[in-house]
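The primary structure of each chain is shown beneath.
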Amino acid sequence: MNLIESVRIALHSLAANKLRSSLTMLGIVIGVAAVIALMGVGRGASKAIDSQINSMGTNLLFVSPGSTSESGVRTAQGSAQTLTYEDALALNDPANLPAVAAVAPQVQAFGQVVNMGNNVNTQIVGVTADYAPVRNYSVNDGEFISQANVQAKSSVAVLGANVASTLFPDGSAVGQSVRINNITFKVIGVLTAKGGSGFGNQDDQVLVPITTAMTRLSRSRSGGGNVISQISVQVVDAKQMDAAIEQISAVLRERHHVRYEDDFTIRSQQDMLESATQITDVLTLFLGGVAGISLLVGGIGIMNIMLVSVTERTREIGIRKAVGATRRNVLTQFLTEATILSVLGGLVGVAAGAGIAFLISGVSLGTMTLQPVIALDSILLATLFSLIVGLFFGIYPAFRAASLHPIDALRYE
Amino acid sequence: MDDRQLAAVRNQKIGFVFQTFNLLARTSVLANVELPLIYAGKKERRERAVATLERVGLGDRIHHRPNELSGGQQQRVAIARALINDPSIILADEPTGNLDSRSGAEIMALLHELHAQGLTIVMVTHDPDVGRQGKHIVRIHDGHIIADERLGDPPSVPGPTGTGDGGLAARHDKAVTQVARPQEVNQ
C-alpha cells in the first residue's frame, strides 16, 4: 500500500464526516491564520519603522546633551543644557574632523502657530540651512531657510506639509504670515510631505532659523541664548562612522572640559534602527507565541477527534485487519488522516491569514500606515508546523488503532 | 508468526465470511472487494474486483453501497471479497445466519459452487439443514467435540492442500448460545 493509496483512503473517510472534519480543521485554520496575519503585521510594522528611520537621511549621527546629576538625582537624557550653537559650529571643521560631512544643529520648542482663525500647536524647530540636505528634507513650494536668514535672525518660517494644510486650507501658504507665540513670521516655504514616523510626525512641524528660535522663541529654556537640543551630523560615508564618533567626542570633550563622564551622547541611525527592530522583534515573537498556542489547541482538537474516530471505527479496523491490513497499514491510514486534516487546515489558514492581512493593510496605527508583509518563509513555516502538529497529535490515536486485536475489533459493538 | 506474517496469511491464504457481512459502509461494493488487493499491493484491482463480483453474480451492482443491497447480495459481496486473493480456505462464520431461507439457500449454492471449483470451506452454523450440506461435520458442544462424521467421498479436486476435502459444519446444541470462534473449530 503506497502513500497515494493511503491519502485516497484518508480523504474518503474524512469526506464521510464532512462537518466533523471541517470543525476539527478549524482549530488549525485559526492557529495558522493567526500566525500568518500576526507575523505579517509584525514585519509590516518593522518595515515601516525602517523606512521612516532611513527617510531621516543617510549616515547620520545624532549628538544630544547628556543628563545632569543634581544631588544624586539623575535627570532624563537630553535634559542638560550643555550643548551650544558654538559646539555645532566647532564640529563643522573639515580640517579637524575629516569624517564629518555636514552639521545641522537644531533647537526644539513647542508653540501655538496661528493664521487668522486657524491655529495649531506644534513643534517649532530652529534649524540652519544645512538641515535640509542632512535630514533629507526638501521644499515643495517656496524655499528653505538660508544661511542669510540664520545670520540675520529673520522672522521667516518653513511649514511642514500638515501644518500648511491646516493653517492655509485653501491656498498657498508661501508669502503669507503666521504668528508663533505672538511673533509674526513670514512663510517662505512648505516642506514636501514625508509621511508619518514612529518618532513624531515629520510633516507636523514648523522650521525657523536657529538663531531666531534661540533668541526669540525658546524663552522657557533657562540656559538662555545659545543652547541647542540636538546636532545632526552627516558622516562622509558609512565606514567612517566610528571615526566620526571619535572625532566629535574629542572636540566636545575638549570644549566642555570633560574629566570623568561625557556630558553628551552620540547615537547613530543604526542604533535607532536596532532598538526599533528589537521592539518589533519582541512584538513579532510575542504575537507568534500567542498564535502558536492556538495551533497547539488545534492539535489537541485533532487528537481528540482522531481518538473518537478510532473508537467509532473499531469495526472498520477489524475488517481491514481481517482482509490483510498490517499494523503498519492501519497506523499509516490514521496518521495520514490526522496529517491531511492539519495540513489542509494549514493551507486554508495561510489563505485566511493572507486575507486578513490584506484586509487590515492600509489601516493607520497612529502616524503609521500598516502594510503587512506576507513572506514565503512564514507560509512555509506555518505549513510545516501544521504538518508536525498533525503527525505529533495523530501518532497516539493511530497507534491505538494499529494495536487493536483483529478479533476483538470485529466483535466490538 | 509476527504481525506482518499473520496479516499476509489473512490476506493471501484465508477468506473470511461473517454472519454480519462486515462490509465497509459508505464504501462502494467495488471498493469493498478491492480492499484485500490494496493490502496485497496488487495491480489491476478494478478488473479483478469486477471479475470476482461477476463470479458471484453481482456484476451489475458494483457502484452500489452495501446498505443499498439486500442481505443475500451483501453476503455475496463479502464472499467476493473473500475470494479475490484466491485463498486456500474460506472461513465462514454462520454465513446464512442473518439471511432469510431463500437468500440463505442462494449463498449455500454459491459456496457449493466454489467448493466444486476446489476451495476448502470451513463453516460454523447452528442450522442443521445447512450443516448437513457439509462433507465433514464436527459437532461442538460447550467447546468440546462430541461427534465427527465424514459424509461422502473426499473429492479428487487438486487444491493447495491436496485434499480440498469439503465443508466442515459445526453445530451447537440448541440450548447452548455460545458461538464458536473460527479458531476453535479450526483446531
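Everything quoted here is computed from the prediction, not taken from an experiment.

Right, let's get into the overall build of chain B. Helices and strands together make up the secondary structure of chain B, namely seven helices and six strands. The buried share of chain B, taken over its 187 residues, is 41%. For chain B, restricting intrachain contacts to residue pairs at least 6 apart in sequence, the fraction spanning at least 24 positions comes to 74%.

A separate point is the interface of chain A and chain B. Listed per partner, the contact involves 14 residues of chain A and 17 residues of chain B. A per-class count over the side of chain A that touches chain B returns seven nonpolar, three polar and four charged.

Within the secondary structure, Gly66(A) is located in the loop between β1 (60–65) and β2 (69–70). Along the chain, Gly66(A) and Phe264(A) lie 198 residues apart, while their C-alpha atoms are 4.0 Å from each other.

The end-to-end C-alpha separation of helix α12 (residues 376–402) of chain A is 37 Å, in line with the 39 Å expected for 27 residues at 1.5 Å each. Its axis deflected by about 40° at Ile395(A), α12(A) carries its strongest bend there, up to four residues before the proline Pro397(A).

One non-glycine residue, Lys153(A), lies in the positive phi region at around 50°. If you trace the backbone, Lys153(A) turns up in the loop between α5 (147–152) and β7 (156–159). Of note in this structure, Asp86(B) is not a glycine but carries a positive phi near 50°. Secondary-structure assignment places Asp86(B) in the loop between α4 (71–83) and β2 (89–93). Judged by the 12 C-beta atoms lying within 10 Å of it, Asp86(B) falls in the exposed class.

Our next topic: the nonpolar core. Among the nonpolar cores identified, the biggest contains 91 residues, and Val32(A), Val35(A), Ile36(A), Phe334(A) and Ala80(B) are the most heavily contacted of them. Per-element accounting of this core gives the leading share, 16 residues, to helix α2 (residues 18–55) of chain A. In this structure, Phe334(A) is in contact with Met306(A), Val310(A), Gly394(A), Pro397(A), Ala398(A) and Ala401(A), ignoring residues within four places of it in sequence. Counting residues in each nonpolar core, the second largest holds 56 residues, with Val63(A), Val103(A), Leu159(A) and Ala244(A) among its members.

One turn of an α-helix holds 3.6 residues; hence residues three or four places apart share an orientation. All names here are of chain A. The end-to-end C-alpha distance of helix α8 (residues 241–256), which contains 16 residues, comes to 22 Å, matching closely the 22 Å that a straight helix rising 1.5 Å per residue would cover. Regarding α8, the residues found buried are Ala244, Gln247, Ile248 and Leu252. Buried residues of α8, seen end-on, are gathered within an arc of 120° and therefore sit on one face of the element. Opposite the buried face of α8, by more than 90 degrees, sit the exposed residues Asp242, Ala250 and Glu254. For α8, the secondary structure elements touched by its buried residues are β1, α3 (85–91), β4 (100–115), β11 (230–235) and β12 (264–268).

With 92% of its residues at a pLDDT of 70 or more, chain A has an overall mean of 85. Between the elements of chain A, mean pLDDT differs from a low of 56, seen in β2(A), to a high of 93, seen in helix α10 (residues 314–322) of chain A.

Residue and element names in this part refer to chain A. Where helix α9 (residues 269–312) meets α12, the closest approach of the two axes is 9 Å, and the angle between their N-to-C directions is 25°. Classified by the angle their axes make, α9 and α12 are roughly parallel. Crossing angle aside, the handedness with which α9 passes α12 is right-handed. Contact residues: α9 offers Leu295, Gly298, Gly299, Ile300, Ile302, Met303, Met306, Leu307 and Val310, while α12 offers Phe385, Ser386, Val389, Gly390, Phe392, Phe393, Gly394, Tyr396, Pro397, Arg400 and Ala401. In terms of residue class, the contact of α9 with α12 is built from 14 nonpolar, five polar and one charged.

Rules used in this analysis
- Residues numbered from 1 in each chain as written.
- Chains lettered and ligands numbered in written order.
- Predicted model: local features only at pLDDT ≥ 70, side-chain atom pairs only at ≥ 80, totals over all residues.
- Helix = DSSP H or I, 4+ residues; strand = E, 2+ residues; numbered from the N terminus.
- Buried ≥ 20, exposed ≤ 12 C-beta atoms within 10 Å, placed from the backbone.
- Contact = placed C-beta atoms within 7 Å.
- Nonpolar A, V, L, I, M, F, W, Y, C, P; charged D, E, K, R; others polar.
- Expected span 1.5 Å × (residues − 1).
- Bend = angle between axes of the 7 residues up to and from the residue.
- Core = buried A, V, L, I, M, F, W, Y, C linked by C-beta atoms within 7 Å.
- Arc of directions from axis to C-beta.
- pLDDT = per-residue confidence, 0-100.
- Axes fitted to C-alpha atoms, helices over the stretch in contact; angles between N-to-C directions.
- Parallel < 35°, antiparallel > 145°, perpendicular 65-115°, else oblique.
- Left-handed = near helix turned anticlockwise from the far one by under 90°.

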